[in-house]
Amino acid sequence: LFRSANLRAMLENTRQLTGNLNRVVVQNDEKIAQVIESLLAGEALQRPYWATWMELGILLASGLLLIGFLPILRARYAVGGFVALAAMIMAGGHLAFLAGRYLFDAASLILLLSPPFISLLGNTLVTADARRRRAERQLQQSREETARMNGELDAAKRIQTGLLPDTTQLFAGEERFALGSLLEPARAVGGDYYDCFMLDASRLCLAIGDVSGKGLPASLFMAISKTLTGTLTRRHRQPGEALQDIEIELNRDNRECLFVTAFVGILDVDTGQLEYACAGHDAPVIRRNGQFLRIDTSTVGGPPLCAADHFPFASASMQLQAGDLLCLFTDGVTEATNGREMFGLTRLLSALDAPESTELHAAARLLRDAVRTFEAGHPPSDDLTLLLLRWNGPSER
C-alpha cells in the first residue's frame, strides 16, 4: 500500500510538471512566432550604424547650448529650458520609433546632460547671489553717499541763508523806512541773492542779483557776487561805478562763463532820493497811491555782469514819495509757470495790491503764496527772491 501511494504521488507530480512544460513551450513558441512575424514584416526595432553618431551629435549640441545660454538666464528660466530640452529629446526618440522603429536612446542622453546642467545651474545661482550682494553693497554706498550729499547741501543752504541779511532784525527800530524780504531756491541751494545795508547814517544800499544756472555752481558764484557787491558798493558813490568794478573782479576767474543780472540802488532815507544802476535785471516796481509804475532802466541798463567785458555801467536817479512801496524781484516770480503760461508782471502787480498797512514780510509771503498757487503743483522753474521797501517820508530831524 505504501509503495502504491508513493507511485500515485509521483505520477501526479509528473503530470503537473508536464503541464507546466507544455505551457512554457507554448508561450516561447508564441514569442518566437511574434519575433519571426515582426522580422518578416520588417517591424522590428532597428539600430543603424549612424544612430550612435547622431546621439553623440545631439549630446554635443545640447551641451554647447546649455553652456552658451544657461549662464545668462535666471535660475527659473534655466530649469524651464532644461526641462524643455529634455522633453524635445524624449519626443525625438518617440518620433524615431514611430517613423521607422529606430532605437534612439533618449534616456541616456538626458542622464548624460544632467551633471553639466546641475553644475552650470549651481554656477548661475552662485553668480546671481554674488551680483545680489554686490548690488546691496552698491545700494548701501549710494544711500550713504546720498545722505552725505544731503548733509553737505543742508550745510551749504544754512551757509547761504546766513549770508543774507535778516531784515526782521536788522532794521527793527527804524522809523524812516521798512523792509521785507524772502528767498526760496528752486533746489536745495540757488543762485539768487539780495542785500541791504547802511553806507552811512542816511544812505541805504539795496541790491538784488540772479546768477545764471541753478544748484551748487550758481550758489558759489552767488556768494562771491554778493560779497563783492557789499564790498565795492561801499567804495563808490555811484552804483554804476560799483557795478563796473564788480564785473572786473568776477571776470578774473570765471572759467565756467557764468553771468549775473543785478540791480543796485542807493536810497537817501532822509530825502527819498534813489540812485540806481542795472545790469540786465528786471526793473523794480513802485506802488504809489494805489498805482504802479516801473523804474526806468532803459537809459542806464546794461548787459548782465560778465556778459560783456568792461561795460561802462551808468547811474540814474529818481525821487521817491512818502509811502512808496519799492519791490525788487527776480525772474523766479514773473517766469513761474503752471505748464501753460507764466505768472507775469500783471499777476505780480495784483498780488502787490495789498493794504498799505500790511507788514512787508507778510506782503512778501502773500506774493510767494500767490506764485505757488498759480504753479498748481508744478516744480519751481527758478529761484524766487523778493526785497520790499516802504519809504515813510522825509526825516523830521
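Refer to the structure above for everything that follows.
Every value quoted in this text rests on a predicted model; they were computed, and no experiment measured them. (Residues numbered from 1 in each chain as written. Predicted model: local features only at pLDDT ≥ 70, side-chain atom pairs only at ≥ 80, totals over all residues. Heavy atoms only, no water.)

Draft legend 1. Summary view of the overall build of the protein. Scanning the protein from terminus to terminus reveals 10 helices and 11 strands. Burial statistics for the protein: of 397 residues in total, 38% are counted as buried. Restricting the contact set of the protein to residue pairs at least 6 apart, pairs at least 24 apart contribute 74%. Here the protein has roughly 22700 Å² of accessible surface; of this, 58% comes from carbon and sulfur atoms. (Helix = DSSP H or I, 4+ residues; strand = E, 2+ residues; numbered from the N terminus. Buried < 20%, exposed > 50% of the residue type's maximum accessible area, 1.4 Å probe, protein only. Contact = heavy atoms within 4.5 Å. Areas by Shrake-Rupley, 256 points an atom, 1.4 Å probe, with all protein chains shown as cover.)

Draft legend 2. Structural view of the state of the cysteines. Inspection of the entire model under this criterion finds 0 disulfides. Note on C257: no disulfide assigned, nearest cysteine sulfur contributed by C306 at a separation of 9.3 Å. (Disulfide = S-S within 2.5 Å.)

Draft legend 3. Geometry of a nonpolar patch on the surface. A grouping of L65, F69, I72, L73 and Y77 is seen on the molecular surface, where their side chains present a nonpolar patch of about 510 Å² in accessible area. A residue is classified by how much of its surface remains accessible, and F69, at 47% relative accessible area, is partly exposed. (Patch = residues over 30% accessible without salt bridge, like charges linked within 9 Å, V, L, I, M, F, W, Y side chains within 5 Å. Salt bridge = Lys/Arg side-chain N within 4 Å of Asp/Glu carboxyl O.)

Draft legend 4. Examining helix 2 (residues 50–69) more closely. In this model helix 2 runs 28 Å from its N-terminal to its C-terminal C-alpha over 20 residues, within 8% of the 28 Å that 1.5 Å per residue would give. Looking only at helix 2, the buried set comprises A51, E55, S62, G63 and L66. Taken around the axis of helix 2, the buried residues stretch over an arc of 105 degrees, which confines them to a single face. Turned more than 90 degrees from where helix 2 packs its buried face, W53, L60, L64 and I67 sit exposed. (Expected span 1.5 Å × (residues − 1). Arc of directions from axis to C-beta.)

Draft legend 5. Representation of the sheet that holds strand 1 (residues 177–184) in the model. With respect to topology, 5 strands assemble into an open sheet ordered 1-11-10-6-7, the strand pairing being antiparallel. In the strand order of this sheet, the two ends are held by strand 1 and strand 7 (291–294), each with one partner. Each strand axis lies, on average, 15 degrees off the axis of its neighbour in the sheet, ignoring direction. Bridging between strand 6 (residues 285–288) and strand 10 (residues 325–329) involves 3 bridges; their strand directions are antiparallel. What sits directly across from V285, in strand 10, is C327. Packed onto the sheet, helix 10 (residues 360–375) meets strand 1, strand 10 and strand 11 (384–391) and runs at close to 35 degrees relative to strand 1. (Pairing = 2+ DSSP bridges. Axes fitted to C-alpha atoms, helices over the stretch in contact; angles between N-to-C directions.)

Draft legend 6. Spatial organisation of the nonpolar core. Core analysis: the largest hydrophobic core is formed by 50 residues, its most contacted members being L206, L243, L305 and L389. For L389, the contacting residues outside a window of four places in its chain are F177, A178, L179, L204, L206, L267, D324, L325, L326 and L360. Of all hydrophobic cores here, the second largest spans 19 residues; its members include L182, F343, L352 and L388. (Core = buried A, V, L, I, M, F, W, Y, C linked by side-chain atoms within 4.5 Å.)

Draft legend 7. Representation of the packing of helix 2 against helix 4 (residues 106–163) in the model. Between helix 2 and helix 4, whose axes approach to 10 Å, the crossing angle comes to 15 degrees. When the axes of helix 2 and helix 4 are compared, the pair comes out roughly parallel. Viewed along their axes, helix 2 and helix 4 form a crossing whose handedness is right-handed. Packed against helix 2, whose contacting residues are E55, I58, L59, S62, G63, L66 and I67, the element helix 4 presents L109, L112, L113, F117 and L120 at the interface. Per-class residue counts for the contact of helix 2 with helix 4 are 9 nonpolar, 2 polar and 1 charged. (Parallel < 35°, antiparallel > 145°, perpendicular 65-115°, else oblique. Left-handed = near helix turned anticlockwise from the far one by under 90°. Nonpolar A, V, L, I, M, F, W, Y, C, P; charged D, E, K, R; others polar.)

Draft legend 8. The arrangement of the side chain of T167 in detail. Within the fold, T167 resides in helix 5 (residues 167–170). Residue classification places T167 among the buried positions, given a relative accessible area of 4%. If near-sequence neighbours (up to four positions away) are discounted, T167 is found in contact with L179, G180, S181, Y194, C196 and H361.

Draft legend 9. View of the packing of aromatic side chains. Going through the model one piece at a time under the given rule, you end up with 5 aromatic pairs. Each ring, one from F82 and one from F117, has its centre 4.0 Å from the other, and the planes form 10 degrees; the classification is stacked. A residue pair is termed long-range when its members are at least 10 positions apart, and F82 in helix 3 (residues 75–100) and F117 in helix 4 qualify at 35 residues. F117 gets classed as buried once you look at its relative accessible area, which sits at 9%. Their ring planes at 65 degrees and their centres at 5.2 Å tell us that F171 and F177 sit as a pair that is edge-to-face. Accessibility expressed as a relative area gives 15% for F171, which makes it buried. (Phe/Tyr/Trp six-rings, centres within 6.5 Å; stacked < 30°, edge-to-face > 60°.)

Just distances and angles here, no functional claims.
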